[in-house]
Amino acid sequence: MKYLDEYRDPALARRLLGELRRTATRPWRIMEVCGGQTHTLVRQGIDELLPAGIRMIHGPGCPVCVTPLEILDRAMVIAARPGVTLTSFGDMLRVPGTETDLLSLRARGADVRIVYTPMDAVRLAAGHPDREVVLLAVGFETTAPANAMAVLHAARLELANFSVLVSHVLVPPAMTALLNDPGCEVQAFLAAGHVCAVMGWAEYEPIAARYRVPIVVTGFEPLDLLEGILMTVRQLEHGRHEVENQYVRAVRRSGNTDAQDAVRTVFRVTDRAWRGIGTLPGSGLELTEPYTRFDAARRFAAGAPSPAEDPECIAGAVLTGARLPTDCPAYGTRCTPRRPLGAPMVSAEGTCAAFHAAGRTKDMPKGVLQP
Ligand code: SF4
């Protein structure tokens, strides 16, 4: 009761849950790809309210969590150089690298600044021609258009002191990689509404057809998620495997074509390493000509320490949904949001942080909350 009464429309939430109970006749395993959806599911107790047998598997859609250690270590080497201002979204500052994190580096005197849009970094470069301003450009298809626009704007201003350290990743290749794993238990996906607001959903149709998995584009409110899960279970129960759109108020099939054009102008698809998962073919973006002159990785070719994860951290297994944060021996003891050992305990979209914020413990049984 506690959770449902906090929903925007508790009566609708109860109706959706009742419909789910009437619809589900068998166990089903559904992955929500996006970390924002994971946080809503866990914070609102949705995964605990679902009919017995319906299990939510938390996916790799936390951009901070999947940014490879090599990029983070390289960002720190660049930030430590005299004359450099490294800019980043706030989440990245506390993510542990091999030896330290950006926040600690800043405490030791490095010029590391939080920006709220990539254009802030461009403005900083334009206003400080004596400094090299580097933007740490991470994230999924959602952040790529704004980073592309920043590069286009820097090119228009002919800025010679602005560059980007790119680590963009793409959702569909990650879904394909998960489905190709013989141990994959995922039977259906909730696709991330904001990614699809940019990219549309046409690129998910071949995945649904080839792997015979329902994919439902879903929003981020609790009611969105309940409805997305219900739509997914209906498909599973009827043996359908289509792409459907729950998030009709924000997403259309073609997505935002202006944003896609900006991304295609500045970036091209490349293989990309995902932290804890490894390199996935065609799963990332890199700068294309003539914008490679803004590539911080080329401009600052300095070496970084050999990347080494904390041996206790099982982030890779958490990010692929193979394990829960509560399976990690360090969860809540040696790894907490104040002293994180791995990226999923840092980010606002990390699964470990979501579990910790919701007070999940190792011995919490499924199904303890009932409407
Ligand atoms: S609880 Fe901490 S150490 Fe364990 S998987 Fe999550 S981030 Fe890694």
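Remember, predicted model here, so these are calculated numbers, not experimental data.

Q: Explain the overall build of the chain to me, and be specific about the residues and the numbers.
A: When its secondary structure is counted, the chain shows 16 helices and 11 strands. Relative to the globule expectation of 21 Å for 371 residues, the C-alpha radius of gyration of the chain, 21 Å, shows essentially globular dimensions. The principal-axis extents of the C-alpha atoms in the chain amount to approximately 65 × 45 × 40 Å. Residues counted as buried form 56% of the 371 residues belonging to the chain. Sequence-distant contacts, at least 24 apart, represent 77% of the contacts inside the chain between residues at least 6 apart. Entry remark: accessible area of the chain is about 15,500 Å², with carbon and sulfur atoms responsible for 53%. Looking at the chain, you have 40 positive and 40 negative side-chain charges, and the mean spots of the two groups are 2 Å apart.

Q: Which residues make up the sheet that holds strand β7 (residues 188–192), and what values go with them?
A: Strands belonging to one sheet form pairs held by backbone hydrogen bonds; the direction of such a pair is parallel or antiparallel. Strand order in this open sheet of five strands is β2-β1-β7-β8-β9, and the pairing throughout is parallel. This sheet does not close on itself; its edge strands, each paired only once, are β2 (54–61) and β9 (243–245). Neighbouring strand axes in the sheet, compared pairwise and without regard to direction, differ in orientation by 25 degrees on average. Bridge analysis of strand β1 (residues 28–34) against β2 gives six bridges, and the strand direction is parallel.

Q: I'd like a rundown of the nonpolar core, residues and numbers included.
A: Grouped together as the largest cluster of nonpolar side chains are 58 residues, with contacts concentrated most on L102, F189, Y204 and I215. Counting residues per element, this core draws most heavily on helix α5 (residues 69–79), at six residues. Setting aside its immediate chain neighbours within four residues, Y204 contacts V171, P172, M175, A191, V195, C196, I215 and V243. Within the second largest apolar cluster, 28 residues are counted, among which are L124, V133, A137 and A144.

Q: Describe in detail the site of the ligand, supporting the description with residues and values.
A: Neighbouring the ligand are C313, I314, A315, C328, Y331, C335, L341, G342, P344, M345 and C352. Residue composition of the shell around the ligand, grouped by class: 10 nonpolar, one polar and no charged.

Q: Give me the lowdown on the packing of helix α8 (residues 144–156) against helix α13 (residues 257–266), citing residues and values where you can.
A: For the pair α8 and α13, the least separation of the axes is 8 Å and the interaxial angle reads 60 degrees. By the angle class used here, α8 and α13 are oblique. Our pair here, α8 against α13, has a crossing hand that is left-handed. Here A144, P145, A148, M149, V151 and L152 of α8 lie close against α13, whose contacting residues are A259, A262, V263, T265 and V266.

Q: Before we move on, could you go through the sheet that holds strand β4 (residues 111–114) and cite the residues and values that matter?
A: The strand order across the open sheet built from six strands is β4-β3-β5-β6-β11-β10, with neighbouring strands paired in mixed fashion. This sheet does not close on itself; its edge strands, each paired only once, are β4 and β10 (267–274). Strand-to-strand twist across the sheet, computed as the mean angle between neighbouring axes with direction ignored, equals 25 degrees. When β10 meets strand β11 (residues 278–287), the two strands line up antiparallel, connected through seven bridges.

Q: Summarise the side chain of D47; cite the residues concerned and give the values.
A: Position of D47 among the secondary structure elements: in helix α3 (residues 46–49). D47 gets classed as buried once you look at its relative accessible area, which sits at 9%. For D47, the side chain forms a polar contact with the side chain of R360, separated by 2.9 Å.

Q: Kindly report on the packing of helix α2 (residues 35–43) against helix α12 (residues 222–238), identifying the contributing residues and their values.
A: At a closest axis distance of 10 Å, the pairing of α2 and α12 adopts a crossing angle of 100 degrees. With respect to α12, the axis of α2 lies roughly perpendicular. Taking contact as the criterion, the partners of Q37, T40 and L41 in α2 are, on α12, P222, L225 and I229. When the residues that make up the contact of α2 with α12 are grouped by side-chain class, the tally is four nonpolar, two polar and no charged.

Q: Account for the pairing of strand β5 (residues 132–139), with residues named and values stated.
A: Buried residues dominate β5, accounting for seven of its eight residues. Taken together, the four bridges between strand β3 (residues 84–88) and β5 define a ladder with parallel strand orientation. Looking at β5, one finds that V84 is bridged to E132. By the bridge criterion, seven bridges tie β5 to strand β6 (residues 162–169) in an arrangement that is parallel. Along β6, the bridge assignment pairs A137 with V166. Tracing the backbone out of β5, into α8 and back to the parallel element β6 gives a crossover that is right-handed.

Q: So what's going on with helix α1 (residues 10–23)? Residues and values would help.
A: Taking 1.5 Å as the rise per residue, α1 with 14 residues should run 20 Å; its terminal C-alpha atoms sit 20 Å apart, in good agreement. If you follow the buried residues of α1, they end up packed against α3, β2 and α12.

Q: I'd love a proper account of the packing of aromatic side chains, names of residues and values included.
A: Scanning the entire structure with this criterion turns up three aromatic pairs. Arranged with centres 6.0 Å apart and planes meeting at 80 degrees, the rings of F220 and Y247 form a pair that is edge-to-face. Of the two residues, F220 is situated in the loop between β8 (215–218) and α12 and Y247 in the loop between β9 and α13; the sequence distance between them amounts to 27 residues. Just above the ring of F355 sits the side chain of R360; from NZ or CZ to the centre is 5.4 Å.

Cut-off values and rules
Residues numbered from 1 in each chain as written. Predicted model: local features only at pLDDT ≥ 70, side-chain atom pairs only at ≥ 80, totals over all residues. Heavy atoms only, no water. Helix = DSSP H or I, 4+ residues; strand = E, 2+ residues; numbered from the N terminus. Rg over C-alpha atoms; globule rule 2.2 N^0.38 Å. Buried < 20%, exposed > 50% of the residue type's maximum accessible area, 1.4 Å probe, protein only. Contact = heavy atoms within 4.5 Å. Areas by Shrake-Rupley, 256 points an atom, 1.4 Å probe, with all protein chains shown as cover. Lys, Arg positive; Asp, Glu negative; His and termini not counted. Charge placed at Lys NZ, Arg CZ, Asp CG, Glu CD. Pairing = 2+ DSSP bridges. Axes fitted to C-alpha atoms, helices over the stretch in contact; angles between N-to-C directions. Core = buried A, V, L, I, M, F, W, Y, C linked by side-chain atoms within 4.5 Å. Near = heavy atom within 4 Å. Nonpolar A, V, L, I, M, F, W, Y, C, P; charged D, E, K, R; others polar. Parallel < 35°, antiparallel > 145°, perpendicular 65-115°, else oblique. Left-handed = near helix turned anticlockwise from the far one by under 90°. Polar contact = N/O pair within 3.5 Å; in protein donor to acceptor, adjacent residues only side chain to side chain. Right-handed = clockwise from strand over helix to strand, strands pointing away. Expected span 1.5 Å × (residues − 1). Phe/Tyr/Trp six-rings, centres within 6.5 Å; stacked < 30°, edge-to-face > 60°. Lys NZ or Arg CZ within 6 Å of the ring centre and 35° of its normal.

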